[in-house]
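Chain and residue survey
Letter by letter, the chains look like this.
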Amino acid sequence: MTLLFHSASDDARAWTAELNRRLPDLEVRVTPDIGDPADITCALVWKPPPGLLAGLPNLRLILSLGAGVEPLLEDPTLPDVPLVRMVAAGLAEDMAGYVTMEVLRWQRHADAYAAQQRAGQWRQLPHRPAAEVRVGLLGLGELGAAAARALVALGFPVAGWSRTPRTLPGVTALHGPDGLATLLAGSDMLVCLLPLTPETRDILNRNTFAALPRGAVVINAGRGGHLVEEDLLAALESGHIAGASLDVFREEPLPAAHPLFGHPLVHLTPHVAGVTHPGPCADHVADTIRRHRAGDPLPNLVDRRRGY
Ligand code: NAP
Ligand code: GLV
């Protein structure tokens, strides 16, 4: 079996080694050295150029290096073969860690203390206990659930919003438009972990911010397309939103001159909240390839109609 690997941001050599450790007979070819396209039956990719996969006549399986697959679904030539997204322990742990870090950053005044230290100041700032800081999670899937479990363990009251009804121990689970209104009204911190679909695009907008309590914090680790950046800047300016942690942006890399970059109330990271580490994530890929070879049902298939 021959697998094509394409990613501008993942380590091809590390992935090849991890995959061959688990599947010694798998031949891995890394773009641009494709060889004969007819040899390739499987592709492991992140943001392939549109048309790359359509040029593989014997492709039978597409594995996404990312949990979010909208870059693939945007390619109108994407071959109609099973598309499996990334669901792996290392990624979920990373995301739970990122969300916890950002919630604690705002609850515990981490940036204010860093500034005070640089200024040689010793000043204690009051903070609310975890039990009084309500966290609302948009998206209660693999990553939302992992973040919810971590926050519940720290004593934060957590509510989560999904498209269909979900249950999760210790979490107030809401869904649908009424569920969203309830979640927003009761969220001191709002975390977006949704996939980017036509329904969720621009969901972090002025109406959403207005529905949050004054002084709420917004954390976006879903996709840049969820956030209407000018609406966030206006809500920060008015003081209705007290701060934001942003990991994803409409344009990546974010241009250095962008107003979010130097904003004093914005904490910014370069799309690193949940990383696809080759070690733990190769287990998921190898398992999917084994199942595919055996003709077994595949887990984590993308529903193209649903968009995630
Ligand atoms: P997932 O398991 O598919 O979960 C998606 C969740 O969003 C589900 O709870 C789903 O509802 C909900 N949802 C989808 N459309 C909705 C809608 N219209 N209304 C309400 N809820 C909706 O996905 P995941 O693995 O948790 O990943 C989520 C996203 O995180 C990815 O798509 C990607 O965009 C982002 N991500 C970011 C990074 C990063 O580094 N920043 C890393 C990885 C992933 P149901 O439960 O009803 O299906
Ligand atoms: C990263 O953003 C992913 O979708 O895995």
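Residues numbered from 1 in each chain as written. Chains lettered and ligands numbered in written order. Predicted model: local features only at pLDDT ≥ 70, side-chain atom pairs only at ≥ 80, totals over all residues. Heavy atoms only, no water.

Before going further, it helps to spend a moment on the packing of aromatic side chains. Evaluated as defined, the whole model comprises one aromatic pair. Each ring, one from phenylalanine 5 and one from tryptophan 15, has its centre 6.5 Å from the other, and the planes form 40 degrees; the classification is tilted. Of this pair, phenylalanine 5 sits in strand β1 (residues 2–6) while tryptophan 15 is found in helix α1 (residues 12–22), placing the two residues 10 residues apart along the sequence. For tryptophan 15, a relative accessible area of 0% translates into the label buried. (Phe/Tyr/Trp six-rings, centres within 6.5 Å; stacked < 30°, edge-to-face > 60°. Helix = DSSP H or I, 4+ residues; strand = E, 2+ residues; numbered from the N terminus. Buried < 20%, exposed > 50% of the residue type's maximum accessible area, 1.4 Å probe, protein only.)

A separate point is the site of ligand 1. Around ligand 1, the structure places 28 residues, and the nearest of them are Arg85, Thr164, Arg166, Asp247 and Tyr308. A distance of 3.5 Å is found between an oxygen atom of ligand 1 and a backbone nitrogen or oxygen belonging to alanine 273. At 2.9 Å from an oxygen atom of ligand 1 is found a main-chain nitrogen or oxygen belonging to glycine 274. For the shell around ligand 1, the secondary structure elements donating two or more residues are α5 (142–153) and β7 (158–162). Of the residues assigned to the shell around ligand 1, the class counts are 12 nonpolar, nine polar and seven charged. Inspection of the shell around ligand 1 shows a minimum of three residues originating in each of domain 1 (2–87 + 276–294) and domain 2 (89–268). (Near = heavy atom within 4 Å. Polar contact = N/O pair within 3.5 Å; in protein donor to acceptor, adjacent residues only side chain to side chain. Nonpolar A, V, L, I, M, F, W, Y, C, P; charged D, E, K, R; others polar. Domains from an automatic or database assignment.)

We now examine the domain arrangement of the protein chain. Often, the extent of an interface is quoted as the loss of accessible area upon association of its parts. Each assigned domain of the protein chain is listed here: domain 1 (2–87 + 276–294) and domain 2 (89–268). On a C-alpha basis, the centres of domain 1 and domain 2 stand 32 Å from each other. The interface is formed by 11 residues belonging to domain 1 together with eight residues belonging to domain 2. Both faces considered, domain 1 and domain 2 share a buried interface measuring about 780 Å² in area, 55% of it formed by carbon and sulfur atoms. At the junction of domain 1 and domain 2, the tally comes to one salt bridge. Between glutamate 70 and arginine 223 there is a salt bridge whose closest N-O contact spans 2.6 Å. The interface formed by domain 1 and domain 2 contains two residue pairs in polar contact (both at pLDDT 80 or more). Residues that form the side of domain 1 that touches domain 2 fall into these classes: five nonpolar, three polar and three charged. (Contact = heavy atoms within 4.5 Å. Buried area = accessible area lost by both parts, 1.4 Å probe. Salt bridge = Lys/Arg side-chain N within 4 Å of Asp/Glu carboxyl O.)

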